[in-house]
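Residues per chain are reported as follows:
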Amino acid sequence: MAEGDSAAIRNGTVRRRLRRAAMFVASLVLVAVLWELYKVVGPEAGGRLFGWNILPRSNDRAMPHVWEMLSRYGRPEIRSSDRKIWSVVLAGAWFSFRLALVGFVIGSLLGLGLSIVMARFRFVERGVLPYLIVSQTVPLIALAPLVVSWGGKLEIFGWEWPRWLSASVLGAFLAFFPVAVGALRGLRSAPAAAVELMESYAASWWQTLRKLRFPSAIPYIVPALKLAASSSVIGVVVAEISTGLKGGIGRLIIEYAREATGDPAKVFTAVFGAALLGLAMSGFVTLADIYMMRNRPKEAST
Amino acid sequence: MSAVELTGVSKIFNKGAGNQVDALLDIDLSISTGEFVSLIGPSGCGKSTLLRLIANLIEPTDGSLIVNGKSPKQARLDQDYGMAFQQSGLFEWRSVAKNIELPLELKGWSAAKRRERALEMLELVKLTDFADHYPWQLSGGMQQRVAIARALAVHPALLLMDEPFGALDEMTREHMQSELLSICRKAGTTVVFVTHSIPEAVYLSNRVVVMSPRPGRITEVIDVEIKGDRSDSTRDDKAFFSGISAVRAALRGVELDSTARGIEDR
């Protein structure tokens, strides 16, 4: 049975992926069409609906045309330079991507480590988990300057804390949480019968973790990593903005937003750059997802 | 020599508390090497508890157990027994061969030796072509065969089975029973087998241990007098039917003084 079945499953997976990609492109087009449609029907200077001042202005300054934004990519960033804006945005996105990746890796490892310790010792879970939850309610903007000033004072064996690392740390600060909570649930998800089986093999706690608990946690860890990936991007972009770190997409958004009156399309080029960055991060995790879930029953994959 | 020796074994859960359960009371049972013994009785009679005591997954409240000539704990550490449950309990992220290799991995065998043993076990349960398939690609009966192969992978002297065929359809079940017998005959394995089914117990066993609940205890031990090796024709044998009648009669006695149900008459 299985040969034909797995071929059919693989075929179905390919078709499903293609359909998803097509849907993604179609949704982009749909958003562009809605944007332009609103520009046609929406009030130029904004408007009231049921007494609320909620209708956005549809003039070219607030909502530039889609083609205006796209063509802005091909023109220079500032008048005095011939550097095209697409290359500036791309470089900024690449800079932030690396920071986010470092934050994502640090955060995920930290989250996994915490979840393992919490799964091992109940008292650690009871003692630490509330603080983890509270940690996520601290506004990132308040934390960012603190991390920068702490980092600035750090020097370990002659190694100086680079400025960019503060942004990565803030990315990690947002990223570790979903991983810690998701992985903890996953590590606890192994069925009692399987745990008993490992016991009957006289397996050590560490062996049970490696051969049973960790593999059964993968379906919980993968969605947590997806969340962590986008969180790390948010953390890095916000950190760039609030600490004034130069070179990344967050800084570009702030700079371009200041020019919005004269060059409204410009800020959107950076915003899309940030979106691209988020997509790249989650694409990265999706690849890991496909790899880790390759041999699992297909219904269970996310 | 006896493979399992229980003397005055009791297991009381939540002792002294309001919800105290006398799962097993004063059990004496001796199982000799190479013997096939079934435990049968209504739900709550402690047959699974008895199996878990032998496996050293729980400790007795009272009494002494000797498994394979040692303490149950030592027997577990030495992997003297293999275990199979109603749910195959295969790890879905491991291929069939890798599932069978699991207990060998934990013992620190080399990859080549593990693979060799896994293929040998797959041959035994007639699944050679499925070594690199994953559990979810197999039918329920095939999964259960893999679980048995995994339980037998360390060549244990003792096999502990808790309703291993309970989730299978009747046809597959009878087929698996015959296969289990021929496998154990080849390896000379002692088997302790928990079941709900009277014909299954009689077909497989040298002795059927009938148990009753509240408190869990042994009410009768019935010798099955089927001559020679069992085969499909055994199911038409007179001795098979008289065995079934004897077990049923013993269970009826149990049913009379308890309201428990859960015995399949097929």
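Residues numbered from 1 in each chain as written. Chains lettered and ligands numbered in written order. Predicted model: local features only at pLDDT ≥ 70, side-chain atom pairs only at ≥ 80, totals over all residues.

Novice: Whenever I open this one, the overall build of chain A confuses me. Can you help?
Specialist: Secondary structure assignment for chain A yields ten helices and four strands. Traced from its N-terminal end to its C-terminal end, chain A shows the element sequence α-β-β-α-α-α-α-β-β-α-α-α-α-α. In chain A, which comprises 302 residues, the share counted as buried stands at 34%. (Helix = DSSP H or I, 4+ residues; strand = E, 2+ residues; numbered from the N terminus. Buried ≥ 20, exposed ≤ 12 C-beta atoms within 10 Å, placed from the backbone.)

Novice: Would you mind going over the sheet that holds strand 8 (residues 207-212) of chain B with me for this structure?
Specialist: Either a parallel or an antiparallel arrangement is found when strands of a sheet pair, and the pairing is made through backbone hydrogen bonds. All names here are of chain B. Taking strand neighbours across the sheet as the criterion, the six strands line up as 5-6-7-3-8-9 in an open arrangement whose pairing is mixed. Single-partner strands in this sheet number two, and they are strand 5 (81-84) and strand 9 (217-223). Put simply, the sheet's adjacent strands are angled 15° from each other on average, direction ignored. As defined by bridge partners, strand 3 (residues 36-40) adjoins strand 8 across four bridges and the pair is classed as parallel. Its bridge partner being in strand 8, Leu-39 is matched across the sheet by Val-209. With respect to the sheet, helix 1 (residues 47-54) is in contact with strand 3, strand 6 (158-162), strand 7 (190-195) and strand 8, its orientation differing from that of strand 7 by roughly 150°. (Pairing = 2+ DSSP bridges. Axes fitted to C-alpha atoms, helices over the stretch in contact; angles between N-to-C directions. Contact = placed C-beta atoms within 7 Å.)

Novice: Whenever I open this one, the interface of chain B and chain A confuses me. Can you help?
Specialist: Interface extent is often summarised as the accessible area lost during association of the parts. In this assembly, 19 residues from chain B lie in contact with 18 residues from chain A. If you list the elements that add at least two residues to the side of chain B that touches chain A, you get helix 2 (72-77) and helix 3 (96-106) of chain B. With three residues, helix 3 of chain B is the largest single contributor of residues to the side of chain B that touches chain A. The residue makeup of the side of chain B that touches chain A, split by class, is twelve nonpolar, five polar and two charged. (Nonpolar A, V, L, I, M, F, W, Y, C, P; charged D, E, K, R; others polar.)

Novice: Would you mind going over helix 4 (residues 122-135) of chain A with me for this structure?
Specialist: Think of an α-helix as turning once every 3.6 residues; residues three or four places apart then point the same way. Under the 1.5 Å per step criterion, the end-to-end length of helix 4 of chain A is 20 Å for 14 residues, consistent within 8% with the ideal 20 Å. Bending of helix 4 of chain A peaks at approximately 35° at the position of Val-128 of chain A, with proline Pro-130 of chain A no more than four residues after it. (Expected span 1.5 Å × (residues − 1). Bend = angle between axes of the 7 residues up to and from the residue.)

Novice: I tried to follow the confidence of the model for chain B on my own but got confused; where do I start?
Specialist: A low pLDDT means the predicted coordinates there should not be read in detail. With 95% of its residues at a pLDDT of 70 or more, chain B has an overall mean of 86. Here the complex is predicted with pTM 0.79, and the ipTM for its interfaces comes to 0.82. (pLDDT = per-residue confidence, 0-100.)

Novice: What am I meant to see in unusual backbone geometry here?
Specialist: For residues that are not glycine, phi is negative in most cases, and the peptide bond is trans in most cases. Residue and element names in this part refer to chain B. Here the bond from Arg-214 into Pro-215 is cis, since omega is -10°, no more than 30 degrees from zero. As for its placement among the helices and strands, Pro-215 is situated in the loop between strand 8 and strand 9. The phi torsion at Asn-14 lies on the positive side, around 55°, for a residue other than glycine. Mapped onto the elements of the fold, Asn-14 is located in the loop between strand 1 (2-13) and strand 2 (21-32). Residue classification places Asn-14 among the exposed residues on the basis of 9 C-beta atoms within 10 Å. With phi around 50°, Asp-26 is a residue other than glycine that occupies positive phi space. Summarising the element assignment, Asp-26 is placed in strand 2. With 16 C-beta atoms counted inside 10 Å, the residue Asp-26 sits in the partly exposed group.

Novice: Where do I start with the nonpolar core in this structure?
Specialist: One recurring pattern in soluble globular proteins: nonpolar side chains tend to sit buried together. Formed by 78 residues in total, the largest nonpolar core has its most connected members in Ile-54, Ile-100, Ala-149, Leu-160, Val-192, Val-210 and Val-247 of chain B. Broken down by element, the residue count for this core peaks at seven residues, all from helix 5 (residues 140-152) of chain B. Leaving out residues up to four positions away in the same chain, Val-247 of chain B has contacts with Ile-40, Ile-198, Ala-201, Val-202, Val-208, Val-210 and Ile-222 of chain B. Core analysis: the next-biggest nonpolar cluster, separate from the first, contains 60 residues, Phe-95, Ala-172, Ala-217 and Ala-265 of chain A among them. (Core = buried A, V, L, I, M, F, W, Y, C linked by C-beta atoms within 7 Å.)

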